[in-house]
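# Descriptive analysis of the structure
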Amino acid sequence: MTNLQRLNQLASILDITRLQDDDNTPAFQHWLSTLPQLDVAAFCVYPQYLPLLLSWPQPQVNAAIATVVNFPSGDLPTDLVCEQIQQAIYAGATEIDCVLPYKALLRGENGYVKSFLYDVRQVSAGVCLKVIIESGELVTAQQVAKATELVIDGGANFVKSSTGKTAVGITEEAARIMLTVIAASERNVGFKASGGVRTIEQALALLQIFEDVTGRVASRECMRIGASTLAFELAQHLSTDL
Ligand SMILES: O=C[C@H](O)COP(=O)(O)O
């Protein structure tokens, strides 16, 4: 595969993300105006910015519209998270990135986590559900594996590593653990790497790990990379490689 083909493959699995806590309408609209024209997998923004994204005059015809719930703490009551999901879908979201109650998992409350995953899957039926395990906050490899296993068993479409709001985002070690559990499962579940993916080198390394561990070719149906700045570097490389 040529470098250009690999970079285009990377663009096709990118979830361009804007989850700034000090954001506002003018800044968000300016951000939209700066976005490069790439055939990406999705745009991921806070729920309050879904209307602006959906009314954006340059629709990215193939891109999904994603938003976040139970974000970033993972601590909200299940019924409130389900309400957030319903509101997001009503607002036009076609993908939901939902933070797992990972602190409950760390307390050993696996039953609560399973019940949470069941409820959010029911209320998000028909849309793409990505569950964020916040791998950088899980202490042991066993906890990363267990969180991944519970998310898969709960029926999510993707297991996502990080919110990008904690000290540690995705690491290659956590990616390997998550992908090993995903590869061993009988279910068709995808992997989303996120949290501090700032360079093309990092992203290509994660893409390679995905393909090495799962034996699958990375596509938007089975792999995503969530990043807030990578699209700009990628567009520069793609324009110079033409
Ligand atoms: O999906 C969430 C991402 O982590 C946000 O991207 P970032 O880490 O490049 O800011």
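Coordinates for the structure precede this section.
Description of the structure in this document. (Residues numbered from 1 in each chain as written. Predicted model: local features only at pLDDT ≥ 70, side-chain atom pairs only at ≥ 80, totals over all residues. Heavy atoms only, no water.)

## Topic: the layout of surface pockets
Using the following cut-off: Cavities and pockets are found on a 1 Å grid laid over the protein atoms alone: a cavity is a set of points where a 1.4 Å probe fits but cannot escape, a pocket is an open set with protein on both sides within 12 Å along at least five of seven lines, and a lining residue has an atom within 4 Å of such a point. Grid points are joined across faces, edges and corners, and a volume is the space filled by probe spheres set on the points. The helix count covers DSSP runs of H or I at least four residues long, the strand count covers runs of E at least two residues long, and both are numbered beginning at the N terminus. Amino acid classes used here: Ala, Val, Leu, Ile, Met, Phe, Trp, Tyr, Cys and Pro are nonpolar; Asp, Glu, Lys and Arg are charged; the rest, including Gly, are polar.
Taken as a whole, the largest pocket encloses approximately 310 Å³ of empty space. Elements with a contribution of two residues or more to the lining of the largest pocket: strand 1 (14-18), strand 7 (190-194) and strand 8 (223-227). Taken together, the residues of the lining of the largest pocket sort by class into five nonpolar, twelve polar and five charged. Roughly 150 Å³ of volume is contained in the second largest pocket. Taken together, 13 residues make up the lining of the second largest pocket; nearest its centre are Ser-135, Leu-138, Val-144, Glu-173 and Ala-174.

## Here we look at the nonpolar core
The cut-off we apply is this: We define a nonpolar core as any set of buried Ala, Val, Leu, Ile, Met, Phe, Trp, Tyr and Cys residues linked to one another through side-chain atoms lying within 4.5 Å. Each residue gets one of three labels from its accessible area relative to the maximum for its type: buried under 20%, exposed over 50%, partly exposed in between, using a 1.4 Å probe on protein chains only. Residue contacts follow a heavy-atom distance rule, with two residues in contact if any of their heavy atoms lie within 4.5 Å.
Membership of the largest hydrophobic core comes to 86 residues, with the highest contact counts inside it found for Leu-14, Phe-43, Ile-96, Leu-100, Ile-133, Phe-191 and Ile-225. Element by element, the count of residues in this core is highest for helix 8 (residues 172-184), at seven residues. Setting aside anything within four residues of it in sequence, one finds Leu-100 in contact with Gly-74, Leu-105, Val-113, Phe-116, Leu-117, Val-131, Ile-132, Ile-133, Ala-147 and Val-151.

## Focus: helix 9 (residues 200-214)
Just so we agree on the cut-off: Here a helix's expected span is defined as the number of its residues, less one, multiplied by 1.5 Å.
Under the 1.5 Å per step criterion, the end-to-end length of helix 9 is 21 Å for 15 residues, consistent within 8% with the ideal 21 Å. Within helix 9, burial applies to Ile-200, Ala-203, Leu-206, Leu-207, Ile-209, Phe-210, Glu-211 and Thr-214. Positive backbone phi, at 75°, marks Gly-215, one or two positions downstream of helix 9.

## Comments concerning the site of the ligand
Under the convention used in this document: When at least one non-hydrogen atom of a residue lies within 4 Å of a molecule or strand, that residue is treated as near it. Residues adjacent in sequence count toward polar contacts only when both atoms are side-chain atoms; beyond that, a polar contact is any pair of N or O atoms within 3.5 Å, and within protein one must be able to donate a hydrogen and the other to accept it. Under the convention used here, a 1.4 Å probe and the Shrake-Rupley method define accessible areas, while residue burial counts only the protein chains that appear. Assignment of a molecule to a cavity or pocket requires that more than half of its atoms lie within 2 Å of the corresponding grid points.
Contacts to the ligand come from Thr-17, Lys-160, Thr-163, Gly-164, Ser-194, Gly-195, Gly-196, Arg-198, Gly-226, Ala-227 and Ser-228. The side chain of Lys-160 places a nitrogen or oxygen atom 3.0 Å from an oxygen atom of the ligand. Within the side chain of Arg-198, one N or O atom sits 2.7 Å away from an oxygen atom of the ligand. Across the complex, the protein chains shield 92% of the 300 Å² of accessible surface that the ligand would expose by itself. With respect to the pocket detection grid, the ligand is positioned in the largest pocket. Within the shell around the ligand, the residues separate by chemical class into one nonpolar, eight polar and two charged.

## Comments concerning the sheet that holds strand 8
Convention followed: The pairing criterion is simple: DSSP has to find at least two bridges between the two strands. Inter-axis angles, ranging from 0 to 180 degrees, are taken between N-to-C directions of lines fitted to C-alpha atoms, where helices are fitted over the stretch in contact.
Strand order in the closed barrel made by the eight strands is 1-2-3-4-5-6-7-8, with parallel pairing throughout. Recorded for the sheet is a direction-independent mean angle of 25° between the axes of neighbouring strands. Alignment of strand 4 (residues 95-99) against strand 5 (residues 128-132), held across five bridges, turns out to be parallel. Bridge assignment links Asp-97 to a residue of strand 5, and that residue is Lys-130. Where helix 8 meets the sheet, its contacts fall on strand 6 (158-160) and strand 7, and the angle it forms with strand 7 comes to roughly 170°.

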